[in-house]
Amino acid sequence: MKKFWQKSRGYAALLSLLCFLFALAWPEPESPFLPASGQEGVDVPVVMYHHVLEEDSSLLGDYVISRQELESDLQWLQKAGYTPVSPSQLIAYAAGEGDLPQRPILLTFDDGYESFFANAYPLLQKYQMPAVVSVIGRYSNLYSQPDAVRHLNYSHLDWEQVKALSRSPYVSIGSHSYDMHDASGQESRSGAKRLSGETDEHYAQVFTADTQKIHEAITDVTGKEPTLYAYPFGFYTAQSEEILKNLGYQITLSCESRVSRITRDPASLFLLGRFNRPHGLSSQDFFARMRLEATEGA
Ligand SMILES: [Zn+2]
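Rules used throughout
- Residues numbered from 1 in each chain as written.
- Predicted model: local features only at pLDDT ≥ 70, side-chain atom pairs only at ≥ 80, totals over all residues.
- Heavy atoms only, no water.
- Donors = N, O, S within 2.8 Å, 3.2 Å for Na, K, Ca; no water.
- Helix = DSSP H or I, 4+ residues; strand = E, 2+ residues; numbered from the N terminus.
- Buried < 20%, exposed > 50% of the residue type's maximum accessible area, 1.4 Å probe, protein only.
- Salt bridge = Lys/Arg side-chain N within 4 Å of Asp/Glu carboxyl O.
- Core = buried A, V, L, I, M, F, W, Y, C linked by side-chain atoms within 4.5 Å.
- Contact = heavy atoms within 4.5 Å.
- Pairing = 2+ DSSP bridges.

Visitor: An account of the coordination of the zinc ion is needed here, citing residue identities and associated values.
Guide: Only Asp 111 (OD), His 176 (NE2) and His 181 (NE2) from the protein coordinate the zinc ion, and they sit 2.1 to 2.2 Å from it. Read from N- to C-terminus, the donor residues coordinating the zinc ion fall into the pattern D-x64-H-x4-H. Residue Asp 111 is found in the loop between strand E6 (104–110) and helix H4 (114–127), and its partner His 176 is found in the loop between strand E8 (171–175) and helix H7 (200–222); the two are separated by 65 residues along the sequence. For Asp 111, a relative accessible area of 8% gives the class buried. A relative accessible area of 1% means that His 176 is categorised as buried.

Visitor: If you had to explain the pattern of salt bridges to someone new, which residues and values would you point to?
Guide: Under the defined criterion, the tally for this structure stands at 13 salt bridges. With a shortest N-O distance of 2.7 Å, Lys 126 and Glu 71 are connected by a salt bridge. Placement of the pair is Lys 126 in helix H4 and Glu 71 in helix H2 (residues 67–79), with a sequence separation of 55 residues. When its relative accessible area of 55% is taken as the criterion, Lys 126 is described as exposed. The partner of Asp 158 in a salt bridge is Arg 150, with the nearest N and O atoms 2.9 Å apart. The exposure class assigned to Asp 158 is buried, which follows from its relative accessible area of 13%. Three or more residues are tied together by salt bridges with common partners; here these are Glu 114, Arg 150 and Asp 158.

Visitor: So what about the nonpolar core? Which residues, and what values?
Guide: Among the nonpolar cores identified, the biggest contains 41 residues, and Leu 70, Leu 107, Phe 109, Phe 116 and Phe 287 are the most heavily contacted of them. In terms of residue count, the dominant contributor to this core is H4 (six residues). If sequence neighbours within four positions are ignored, Phe 287 has contacts with Val 47, Tyr 49, Asp 73, Trp 76, Leu 77, Ile 105 and Leu 292. Counting residues in hydrophobic clusters, the runner-up holds 18 residues, among them Val 46, Ile 91, Leu 228 and Ile 251.

Visitor: A description of the environment of Phe 116 should follow, citing residues and the corresponding values.
Guide: Locating Phe 116 in the fold gives a position in helix H4. A sequence separation of 64 residues divides Phe 116 from Val 52, and the C-alpha atoms of the two residues are 6.6 Å apart. The contact partners of Phe 116, leaving out residues within four places of it in the chain, are Phe 109, Tyr 121, Pro 122, Leu 124, Val 133, Leu 165 and Val 171.

Visitor: So what's going on with the pairing of strand E2 (residues 46–49)? Which residues, and what values?
Guide: Taking every second residue as pointing to the same face, both faces of E2 are buried, with Val 46 and Met 48 on one and Val 47 and Tyr 49 on the other. One ladder, built from four bridges, connects E2 with E6; its direction is parallel. In the sheet register, Tyr 49 faces E6, and the bridge partner there is Phe 109. Pairing analysis gives two bridges linking E2 to strand E12 (residues 275–276), with the strands arranged parallel. Across the sheet, Val 47 pairs through a bridge with Phe 275, a residue of E12.

In structure tokens, the structure reads:
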């Protein structure tokens, strides 16, 4: 038995030596985990956040996380060597200009809640991480009225706050429709969905008008044209994609739970997958769901 053990150890050593020599002699294969400058592009996971409230809030759930959970996520990403990037960095990369950091990730906040300003923005500044907040025009209008009743539990960013945020190097403002963020009732189209029996012309007219309205509102307030459109509830059509491209959008976000590969092709920035971050999971468990690796170089 001992002999066999010694013999098999000898074989194992020989095998490792052969593997080593083979590895030296063999050209390096194209690895999917090459640095961002690789020809094959780079995987860019996208996190979808919504509302960020206090730890003792009774509203915590699938679309409402605590400030502590957000901070824990940012710390986890920092420790694991992930670098949040801005939409402009992705656009530049896809256009063949500039590189992305080793482990890029895009952080997105949907619905433009006022809680973004109060609870998420200070953390982005603290950790110096960029993110996108995608606003709904109708709600930002509503909360810009002087008589609007506000409470952090439900209010959305007013236009003054959107303007202030747009001045920050850590915030990009995205479109989340002007008034298509409605999934209730029989008559509702649910985001950018087509109504049954609706003609292409009518659909195009409605979607174009709504998108132009939010586009103009954001441009007027911030002085910058939005380049990113986050589909309400993730619903889209081939036609909505065409319309957004024609209106100058360069990134669209779906709600499909997958990691997208960005290449040196601007078309790779459309319909990016995203993972919703719910309350009640540790950062480790949530990012494992996205298949992110816990340690740099792992
Ligand atoms: Zn939304």
